[in-house]
Amino acid sequence: MKIRAIRAGRQSLNNKKMKDLCTARRLEINGVVQGVGFRPFLFQLAGRYDLFGEVANTSKGVVLIVEGEFKKIQAFTNDIQTEKPILSSITDIRSEEIPKLGYTSFTIQKSKPCKDRSTLISPDVSICKDCLEELNNPEDRRYEYPFINCTNCGPRFTIIEDIPYDRPKTSMKHFPMCEDCQKEYYNPLDRRFHAQPNACAVCGPHVTLVNSLSENICEENENSIDKAAELLNMGKIIAVKGLGVFHLAVDASNNDAVLTLRKRKVRPDKPFALMAQSVDAIKKFVHVNETEKKLLESFNRPIVLLEKKENNYNLALDIAPNNNYLGIMLPYTPLHYILLKKGPEVLVMTSGNRSDEPLSIDNDEALDAFGHIADYFLIHNRDIYFRADDSIIQINKDKTRFLRRSRGYAPLPIYLGKAYPKVLATGGGLKSTVCLTKNNQAFLSQYIGDLNNYKTFTYYKDSIWHLKKIMDIEPEIIAHDMHPGYMSTDYAKDYVSAQKGIKIHAVQHHHAHAVSCMAENQIDHEVIALTLDGTGFGTDGKIWGGEILTCDYTSFTRQAHLEYIPMPGSETAVLEPWRMAVAYLDKAFGNKMLGLDIALTRDHKKDKLEFLQQMMQKGLNSPLTSSAGRLFDGVASILGIRYKITFESQAAMELEAVSKKDLDCKAYSFSFEESNNKKIFEIKLGLLIKEVVQDITSGEKLSDISTRFHRTFVDMFVKGVLKVRQNTGLNDVVLSGGVFNNNLVFDNILKDLENNDLKVYTHTLVPAGDGGISLGQAIIAGAKEEKLNKG
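Note that this is a predicted model, so its numbers are computed, not measured.

Below, the discussion takes up the overall build of the chain. On a plain count of helices and strands, the chain comes out with 24 helices and 30 strands. A compact globule built from 791 residues would reach a C-alpha radius of gyration of about 28 Å, and the chain, at 28 Å, matches this within 12%. Taken across its 791 residues, the chain has 60% of its residues classed as buried. Surface exposure of the chain reaches about 31500 Å², of which carbon and sulfur atoms provide 47%. The distance from the centre of the 100 positive side-chain charges to the centre of the 99 negative ones in the chain is 4 Å.

Structure (structure tokens):
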């Protein structure tokens, strides 16, 4: 953050005698400075230093004028940085001397229009300690009021229609404040001064409990939340409208209720997220270290992945089957706190939506989407303008590793090493986000999801429109994935067709992965990039995913990759990983595969296996892939762990779950072989597959085979990176791609590379998976355009 003093067109005061006299300065403050108590903070700070003047919101940030003694103004300016409100962040302060106007007090003015918008929008944040105390105080007028908030907490991003962030431009515009709330709102010394969602039970939103026919089920004077808590205790499924989404809630200790939710939601295996009253409540069934505790209790309140204890305590067995982790969050709205106080101590809180569709935010929409799932709906009448799903984070090496960056973080910017043109990056096909760049900031959207149907695509387009509007960014350049079949690619091409003068750049998927890691670490030189994931369209038209590249921001060279293997059935092979097992076994054993005495060949009919072999031999619907994700799928199926999946990465996660934590074992064999290109080498997998099968037939334990496979996977790519270093002289490495969400892979590759004196950069600000590639796309497109303009 910089403070820049600007000469105001006249000679500045330049001697001590003059500086001690009264003077006047105009300050423009940019950053997250609206809706976070910044103006009342400045009001009180000005009073401390006996300064007069005024302050106002603008669409650029906050502008203020102060008059008084020079030394006091200087101290005032310094304290702005050191004492700013907890939810605020300052990116820039511009200070200029101006003529004195003769102010006799310090006042807070109405928001002022401004052509250039640059203020940052705060994400939604958890209820603060002060509001929580009032919520639980029977003597307080907001006792158990489920929408209590102040300038230090509550909804922001999901209720904003436009900036400046004022009540008429939020969903609170429908709720005129009562006299008591108005007094707070207009009192600069009150922590609810200009808290835009400020309300109480007299004038604000209210909750209602209805059945699936939208009929109010509460008797006169019966409390809706109390009744919902009672129903949860009885094992009922309640749809709860929260900050930016609906959740489906059920008692986490009631296995019958959890199984009923799974059956109705048609979600047989995917882990459910939990919400618990406190960290103490979850220590009974998961391990929690200090870093994880701090993250759980932060105002961001993400879902945190925590390692299970052997004793499941009182939790239902079917919350996260075949998984070593539980995803847990603490309550972040007043409504959540009341439900957990009066209902079960731990709740399942899973997404409220139809399968593969966006999360529901409208009451009628929710009733239509999952009226067949929820027994009752706890709804309210404050509109959610924009969805924001829960963020998901795991702590690794004491650092945050995002699996999903959304509520609590979006749309805060990622700060870049330099200024970039205005770019819109449209992301990929799975776990979609979009990114807009402006100056030295990159704004990633909230998590959008998989672009595979009309409703999600509509939400995707709406998200772009909304982000462009509130960030005031009209892109000059658009970037998209090279994959020709992605809806995001279609959107980019249609956008350029409709907008004259927009430049367009297709970006290779794994190059985008690599540069996303480079950009968040602010490194702008050639690196070795290890990018490991499930699917990425390659420059040769094949499906990449186990790649070692060398790259900078504008170009990349493929140095090494896993050998190509056919995917019999194409995308069906992703949903049915037994097909990948057949592909790897066929590559290693040929026709002898059919005679192998392993579970996979026993569990599938011979003619079915032969049919897949014929498909691959004839090249029918069997695209070639070098995907690391498909290798994990194939080995999991060879071991008989998982033949079909019901959610993404399920087979790989279950393979990791059966492995030992320590990879101190002998690796399987593998080899490097130069491809036809000679400049690229392939990692050959035949020996690995044969030795895995040998261990199976010898009766080795599943856990030992999985451990050896993980050891081998790590060794293949560590030795591959060392070979590339030897060939290129490069010593800096970036790690990216969804496979790095596997802690065994991440920990051991990182350790082994660092032990070989390589400098390794990892993700801590955006997801390693496809939720982060829009950042890389934006930087690549911006850098390429700059290079073209210079050339």
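Take the sheet that holds strand β12 (residues 325–329) next. The mixed open sheet is built from ten strands, whose spatial order is β7-β14-β8-β9-β13-β10-β12-β11-β15-β16. Either end of the sheet is taken by a strand with one partner, and the two such strands are β7 (207–211) and β16 (399–404). Averaged over all neighbouring strand pairs, the angle between strand axes comes to 35°, with direction disregarded. The sheet contact formed by β7 and strand β14 (residues 376–380) spans five bridges and is antiparallel. Each residue of the ladder has a partner; that of N211, found in β14, is Y376. Strands in contact with helix α23 (residues 743–755) are β12, β15 (392–396) and β16; relative to β15, the strand with the most contacts, it is inclined by about 40°.

This paragraph deals with the sheet that holds strand β17 (residues 413–420). As summarised here, the arrangement of the five strands in space is β17-β19-β18-β20-β21, forming an open sheet in which the pairing is mixed. Looking at strand neighbours, the two that pair on one side only are β17 and β21 (503–507), the edges of this open sheet. Here the average twist between neighbouring strands, direction ignored, is 25°. Sheet strands touched by helix α13 (residues 487–498): β18 (423–425), β20 (477–481) and β21. Its angle to β20, the strand with the most contacts, is close to 155°.

Another point: the nonpolar core. The biggest cluster of nonpolar side chains holds 72 residues, and the ones touching the most others in it are F713, F717 and I749. At nine residues, helix α22 (residues 702–728) tops the list of elements feeding residues into this core.

Residues with a pLDDT of 70 or more make up 96% of the chain, whose mean pLDDT is 93. Considering only residues more than four positions removed or in separate chains, one finds that residues 1–19, a stretch of pLDDT under 50, has 33 contacts.

Tallying each qualifying case throughout the model produces 18 aromatic pairs. Taking the centre distance of 5.0 Å and the plane angle of 85° together, the rings of Y185 and Y186 count as edge-to-face. We classify Y185 as buried; its relative accessible area is 7%. A ring pair is formed by F632 and F709, whose centres lie 5.1 Å apart and whose planes are at 85°; its orientation type is edge-to-face. Taken together, the residues F632 in helix α19 (residues 628–638) and F709 in helix α22 connect sequence positions 77 residues apart.

This part takes up the environment of D603. By the secondary structure assignment, D603 is in helix α17 (residues 599–603). Between the C-alpha atom of D603 and that of A257, which follows or precedes it by 346 residues, the distance is 32 Å. Here Y643 takes part through its side chain, which lies 2.7 Å from a polar atom of the side chain of D603.

Let's shift gears to helix α20 (residues 650–658). The buried fraction of α20 amounts to seven of the nine residues, a majority that puts the element mostly inside the structure. All of the buried residues in α20 are Q650, A651, A652, E654, L655, E656 and A657. In the core, the buried residues of α20 are packed alongside α19, α22 and α23.

Here we come to the environment of L722. By the element assignment, L722 lies in helix α22. With a relative accessible area of 22%, L722 lands in the partly exposed category. For the pair L722 and E547, spaced 175 residues apart in the sequence, the C-alpha separation amounts to 14 Å. Excluding residues that lie within four positions of it along the chain, L722 makes contacts with N756 and L758.

Close contact between helix α6 (residues 224–233) and helix α10 (residues 334–342) brings their axes to 9 Å; oriented N to C, the two are set at 50°. Here α6 lies oblique to α10, going by the angle between them. In this structure, α6 meets α10 at a crossing whose hand is right-handed. Counted together, I225, D226, A228, A229, L232 and N233 of α6 and L335, I338, L339 and K342 of α10 form the full contact between these two elements.

A few words now on the environment of I93. You can see I93 is positioned in strand β5 (residues 89–97). By relative accessible area, which is 0% here, I93 ends up buried.

Our focus in this paragraph is the side chain of H336. Topologically, H336 is positioned in helix α10. Given the relative accessible area of 2%, H336 is considered buried. Setting aside its immediate chain neighbours within four residues, H336 contacts M275, P331 and M349.

Burial of strand β19 (residues 435–444) is extensive: eight of the ten residues sit out of reach of the surface. Inspection of the sheet shows β17 paired to β19 by four bridges, in the antiparallel sense. Paired with Y415 across the strands is Q441, a residue of β19. For β18 and β19, the ladder comprises two bridges, and the chain directions are antiparallel. Within β19, the residue paired with L424 across the bridge is L436.

What counts, and where the lines are drawn
Residues numbered from 1 in each chain as written. Predicted model: local features only at pLDDT ≥ 70, side-chain atom pairs only at ≥ 80, totals over all residues. Heavy atoms only, no water. Helix = DSSP H or I, 4+ residues; strand = E, 2+ residues; numbered from the N terminus. Rg over C-alpha atoms; globule rule 2.2 N^0.38 Å. Buried < 20%, exposed > 50% of the residue type's maximum accessible area, 1.4 Å probe, protein only. Areas by Shrake-Rupley, 256 points an atom, 1.4 Å probe, with all protein chains shown as cover. Lys, Arg positive; Asp, Glu negative; His and termini not counted. Charge placed at Lys NZ, Arg CZ, Asp CG, Glu CD. Pairing = 2+ DSSP bridges. Axes fitted to C-alpha atoms, helices over the stretch in contact; angles between N-to-C directions. Contact = heavy atoms within 4.5 Å. Core = buried A, V, L, I, M, F, W, Y, C linked by side-chain atoms within 4.5 Å. pLDDT = per-residue confidence, 0-100. Phe/Tyr/Trp six-rings, centres within 6.5 Å; stacked < 30°, edge-to-face > 60°. Polar contact = N/O pair within 3.5 Å; in protein donor to acceptor, adjacent residues only side chain to side chain. Parallel < 35°, antiparallel > 145°, perpendicular 65-115°, else oblique. Left-handed = near helix turned anticlockwise from the far one by under 90°.

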